Amino acid sequence: MTWEEIAGHDKTRFVPILPIGATEAHGPHLPLSTDVIIAQAMAEHGATLLNASGYVAQVLPPLAYTSAGFAGGFAGTISLQPETETALIVDIGRGLASHGIQQLICANAHLDPTHIAAIYAAAKTLESSTALRVVFPDITRKPWALRLSDEFKSGACHAGSYEGSIVMAARPDLVRDAIRATLPANFSSLSQAIRAGKRTFEEAGGPRAYFGDPAAASADEGRETIATLGQILHDAFIEMRPATPQR
Ligand SMILES: [Zn+2]
């Protein structure tokens with residue numbers, strides 16, 4: 001959009017969606033930008049659904065650098081300090097609020113606990129210091145997690161079937177498919193490892209930076225998951241704003 005298009009919009013209907021990913025190792029078969037690709041696909045599908053519900057949803061340029069300490073030991077991972085990340089999201093939200101925008105949806109695809117805490121901290125600061133309402137459906141928690149795949153719910157869900165399928169659907173050109181097909185499943189649960197106090201993929205039992213079953217991934221599963229993720233964004237927003245906008 002141009003600035004005049006944004007300036008002219010009814011601010012009660014205008015809904016920016018910020019895709020939040022990471023630049024982080026995702027096994028030997030998926031790109032470092034995997035979470036950015038997932039967040040963008042989630043945001044674009046959510047925008048389509050919100051537009052059909054009478055809002056004017058727009059996908060913002062994605063946040064590609066966040067806190068990614070678990071993958072810090074793998075080449076190419078770039079991890080921000082959590083306070084840097086929080087400040088970045090707060091500044092983006094303040095920028096929106098300064099133009100009268102009333103709401104922001106965070107489409108987050110990166111599951112590092114330090115990173116998720118950084119988003120919560122930013123949302124809290126924005127809601128207490130601006131008029132912006134922040135909608136952040138945290139897919140690692142109920143009720144949203146219950147809508148996702150068994151692999152996702154098992155916690156063995158980094159660069160496995162769940163994430164690999166989405167990249168196969170959204171950016172098949174970036175998947176190293178010959179390598180993917182040969183990878184043995186790794187059912188070590190990252191969420192259990194996190195609860196047990198582990199701090200890195202290596203400690204959590206993922207020596208090649210993947211968890212789950214990469215070989216089981218498919219573009220069909222990816223399309224289904226993108227649809228579910230978009231619906232989660234839509235529903236989280238509608239639940240926060242029950243009033244139907246005027247068309
Ligand atoms: Zn990921």
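Residues numbered from 1 in each chain as written. Predicted model: local features only at pLDDT ≥ 70, side-chain atom pairs only at ≥ 80, totals over all residues. Heavy atoms only, no water.

Enquirer: When you look at the packing of aromatic side chains in this model, what are you seeing that I'm missing?
Expert: Aromatic ring pairs are described here by two measures, namely the spacing of the ring centres and the angle between the planes. For the structure on display, the rule yields six aromatic pairs. Taking 6.0 Å as the distance between ring centres and 50 degrees as the angle between the ring planes, the aromatic pair formed by Phe70 and Phe201 counts as tilted. Of the two residues, Phe70 sits in the loop between β2 (56-59) and α3 (82-97) while Phe201 sits in the loop between α8 (190-195) and α9 (219-240), which places them 131 residues apart along the sequence. In this structure, Phe70 and Phe201 share a single accessibility class: buried. Between Tyr120 and Phe136 the ring centres are 5.0 Å apart and the planes differ by 65 degrees, which places this aromatic pair in the edge-to-face class. (Phe/Tyr/Trp six-rings, centres within 6.5 Å; stacked < 30°, edge-to-face > 60°. Helix = DSSP H or I, 4+ residues; strand = E, 2+ residues; numbered from the N terminus. Buried < 20%, exposed > 50% of the residue type's maximum accessible area, 1.4 Å probe, protein only.)

Enquirer: Quick question: what am I supposed to make of the coordination of the zinc ion here?
Expert: Six octahedral donors around a metal ideally sit at 90 or 180 degrees from one another, while four tetrahedral donors ideally sit at 109.5 degrees. Distances from the zinc ion to its protein donors, His26 (NE2), Asp35 (OD), Glu163 (OE) and Glu163 (OE), fall at 1.9 to 2.6 Å. Coordination at the zinc ion is irregular: its four donor atoms span angles of 55 to 136 degrees at the metal. Sequence spacing among the residues donating to the zinc ion works out to H-x8-D-x127-E. Given a relative accessible area of 0%, His26 falls into the buried group. (Donors = N, O, S within 2.8 Å, 3.2 Å for Na, K, Ca; no water. Tetrahedral: all angles 85-135°; square planar, octahedral: opposite > 155°, others 65-115°.)

Enquirer: What's the story with the layout of surface pockets in this structure? I'm lost.
Expert: Over the atoms, a rolling probe the size of a water molecule traces out where space has been left empty. Of the volumes computed, that of the largest pocket is approximately 580 Å³. Taken together, 27 residues form the lining of the largest pocket, with Leu111, Thr140, Leu190, Ser191 and Ile194 sitting closest to its centre. Taken together, the elements giving at least two residues each to the lining of the largest pocket come down to α4 (113-129), α5 (150-154) and α8. The space that makes up the second largest pocket amounts to roughly 160 Å³. (1 Å grid on protein atoms, 1.4 Å probe; cavity = no way out; pocket = protein on both sides within 12 Å on 5 of 7 lines; lining within 4 Å. Points joined across faces, edges and corners; volume = space filled by probe spheres on them.)

Enquirer: How should I be thinking about the state of the cysteines in this particular structure?
Expert: Each disulfide is one covalent bond, formed between the sulfur atoms of two cysteines. Counted according to the given criterion, the structure contains zero disulfides. Among the cysteines around Cys106, which has no disulfide bond, Cys157 carries the closest sulfur, lying 20 Å off. You can call Cys157 buried: its relative accessible area is 8%. (Disulfide = S-S within 2.5 Å.)

Enquirer: What's the story with unusual backbone geometry in this structure? I'm lost.
Expert: Peptide bonds are trans in most cases, and residues, glycine excluded, mostly fall at negative phi. A cis geometry characterises the amide bond from Lys142 onward to Pro143, with omega recorded as 0 degrees. Topologically, Pro143 is positioned in the loop between β4 (133-135) and α5. Despite not being glycine, Ala159 has its phi angle at roughly 65 degrees, a positive value. Locating Ala159 in the fold gives a position in the loop between α5 and α6 (161-170). The class of Ala159 is buried, set by a relative accessible area of 0%.

Enquirer: Explain the packing of α6 against α9 here, please?
Expert: The relative placement of two packed helices comes down to the angle between their axes together with the axis-to-axis distance. Viewed as axis vectors pointing N to C, α6 and α9 meet at an angle of 95 degrees, and their least axial separation amounts to 7 Å. It follows that α6 is roughly perpendicular to α9 by the angle criterion. Here Ser161, Tyr162, Ser165, Ile166, Met168, Ala169 and Ala170 of α6 come into contact with α9, specifically with Ala219, Glu221, Gly222, Arg223, Thr225, Ile226 and Leu229. Counted by class, the contact of α6 with α9 contains eight nonpolar, four polar and two charged residues. (Axes fitted to C-alpha atoms, helices over the stretch in contact; angles between N-to-C directions. Parallel < 35°, antiparallel > 145°, perpendicular 65-115°, else oblique. Contact = heavy atoms within 4.5 Å. Nonpolar A, V, L, I, M, F, W, Y, C, P; charged D, E, K, R; others polar.)

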